[in-house]
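# Working through the structure, step by step
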Amino acid sequence: MFESLSERLSGILDKLTGRGALSEADVNEAMREVRRALIEADVALPVVRSFTDKVRSRAVGADVVKSITPGQMVIKIVHDQLVEMLGSDADPIDINAPAPVAIMMVGLQGSGKTTTTAKIARRLTMRDKRKVLMASLDTRRPAAQEQLKVLGEQNSVDTLPIVAGQGPVEIARRAIQAARLGGYDVVMLDTAGRIHIDESLMLEMAEVKAATNPHEILLVADSLTGQDAVNLATSFDERVGITGIVLTRMDGDGRGGAALSMRAVTGKPVKLIGTGEKSDALEDFHPRRIADRILG
Ligand code: GDP
């Protein structure tokens with residue numbers, strides 16, 4: 001991810017660093033190229049516009065610190081602006097609430113929701129020493145509940161016993177009740193996905209939310225889907241209200257547009273990234289590290 005963007009940006013910015021002084025026209029020309037590179041990386045258009053406008057105005061007005069060249073100054077401004085666009089600081093999952101804390105996982109089918117549910121549960125269990133219960137509310141796909149059960153067994157995380165014939169809200173209520181009785185710290189609700197967003201999915205999510213009062217509602221989105229992932233986040237946020245985003249398949253060779261636009265478009269933080277199929281392939285989203293990676 002980010003390789004081609006990174007290459008493009010370093011090409012553009014390298015041209016600036018060799019020069020002694022930079023005119024406004026030089027900066028404008030560089031920003032035109034940056035704009036093109038970001039659009040090609042699939043970054044949302046309003047985000048691209050606001051990004052280059054901010055860099056341009058800061059670069060043109062900037063006092064060049066004695067020890068660095070104007071070109072290095074522009075690189076620093078681009079870096080700072082990238083960090084700001086990505087959300088500045090890491091924003092971890094918040095489980096500071098009375099137990100059992102409910103975390104509701106939402107997203108489309110195939111986005112990596114079930115895998116991510118298990119990854120988070122594993123991390124809360126192994127690293128944070130919390131007692132976690134997972135429950136699959138997916139009654140549409142017959143194998144879904146079984147899939148979560150297997151992941152639970154592999155990662156030593158308990159799953160709610162499967163009871164045939166129950167609907168999502170009923171299962172969610174049972175999960176909260178079981179978590180309360182069993183002294184669990186966290187209960188993770190893996191909701192059903194669909195191929196596309198539809199009204200019935202949104203109604204189901206709203207019902208589960210109303211029944212469980214989740215402390216976090218995390219949208220799982222496939223980073224390889226670029227703009228679609230951003231549109232998806234906007235729709236879920238408007239209809240259900242999300243508290244954060246997990247971007248999966250960050251180990252793939254996507255152009256990075258979703259990762260770069262998510263925060264700016266939705267106002268919601270990217271909290272975690274999935275970096276592989278295995279249950280430990282989960283990392284915090286660090287805006288500074290991503291900016292470093294992009295600018296080499
Ligand atoms: P769900 O339908 O949203 O619950 O999706 P699943 O959790 O079943 O995941 C679908 C596929 O994506 C599985 O083969 C997962 O192993 C894979 N997957 C999930 N997250 C990642 C990730 O971060 N990187 C990679 N490479 N594969 C992932």
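In the annotation of an unreviewed UniProt entry, the protein chain is listed under the name Signal recognition particle protein and assigned to Pannonibacter anstelovis. The annotation that UniProt attaches to the protein chain under Sequence similarities (unreviewed entry) is "Belongs to the GTP-binding SRP family. SRP54 subfamily." As its UniProt record puts it under Catalytic activity (unreviewed entry), the protein chain is described as follows: "GTP + H2O = GDP + phosphate + H(+)".

## Brief notes about the overall build of the protein chain
Tallying secondary structure elements over the protein chain gives eleven helices and eight strands in all. Looking at the protein chain residue by residue over its 296 residues, the buried ones come to 51%. Approximately 13,500 Å² of the protein chain is accessible, and the part contributed by carbon and sulfur atoms is 49%. For the protein chain, the centre of its 38 positive side-chain charges and the centre of its 40 negative side-chain charges are spaced 2 Å apart.

## Section: the site of the ligand
As a structural note, the neighbourhood of the ligand is formed by 17 residues, with Gly110, Lys113, Thr115, Arg249 and Asp251 the closest of them. Here an oxygen atom of the ligand sits 2.5 Å away from a polar atom, N or O, in the side chain of Thr115. Note that a nitrogen atom of the ligand is positioned 3.3 Å from one of the backbone N or O atoms of Gly276. In isolation the ligand exposes 580 Å². Once the protein is present, 81% of that is buried. Take the shell around the ligand: its biggest share by element is four residues, from helix α5 (residues 113-126). Looking at side-chain class alone, the shell around the ligand contains one nonpolar, eleven polar and five charged residues.

## Observations concerning the sheet that holds strand β1 (residues 101-107)
A sheet is described by the order of its strands in space; here eight strands give the open sequence β3-β2-β4-β1-β5-β6-β7-β8, paired in mixed fashion. Of all strands in the sheet, those bounded by a partner on one side alone are β3 (158-159) and β8 (282-284). Across the sheet, α5 lies against β1, β2 (132-136), β4 (186-190), β5 (216-222), β6 (244-248), β7 (270-274) and β8, angled at about 170 degrees from β4, the strand it touches most. Of the strands in this sheet, β1, β4 and β5 touch helix α8 (residues 199-212), which is tilted by about 175 degrees from β1.

## Observations regarding the environment of Lys76
Counting through the fold element by element, Lys76 comes out in helix α4 (residues 70-86). For Lys76, a relative accessible area of 46% corresponds to the partly exposed category.

## Quick notes on the nonpolar core
Grouped together as the largest cluster of nonpolar side chains are 74 residues, with contacts concentrated most on Phe236, Leu247, Leu260, Met262 and Ile294. A per-element tally of this core places α4 first, with eight residues. For Leu260, the contacting residues outside a window of four places in its chain are Phe2, Leu5, Val43, Val47, Leu82, Met85, Leu86 and Ile294. With 21 residues, the next largest nonpolar core counts Val101, Ile120, Met134 and Val157 among its residues.

Analysis parameters
- Residues numbered from 1 in each chain as written.
- Predicted model: local features only at pLDDT ≥ 70, side-chain atom pairs only at ≥ 80, totals over all residues.
- Heavy atoms only, no water.
- UniProt positions renumbered as here; feature names shortened; annotations may be inferred.
- Helix = DSSP H or I, 4+ residues; strand = E, 2+ residues; numbered from the N terminus.
- Buried < 20%, exposed > 50% of the residue type's maximum accessible area, 1.4 Å probe, protein only.
- Areas by Shrake-Rupley, 256 points an atom, 1.4 Å probe, with all protein chains shown as cover.
- Lys, Arg positive; Asp, Glu negative; His and termini not counted.
- Charge placed at Lys NZ, Arg CZ, Asp CG, Glu CD.
- Near = heavy atom within 4 Å.
- Polar contact = N/O pair within 3.5 Å; in protein donor to acceptor, adjacent residues only side chain to side chain.
- Nonpolar A, V, L, I, M, F, W, Y, C, P; charged D, E, K, R; others polar.
- Pairing = 2+ DSSP bridges.
- Contact = heavy atoms within 4.5 Å.
- Axes fitted to C-alpha atoms, helices over the stretch in contact; angles between N-to-C directions.
- Core = buried A, V, L, I, M, F, W, Y, C linked by side-chain atoms within 4.5 Å.

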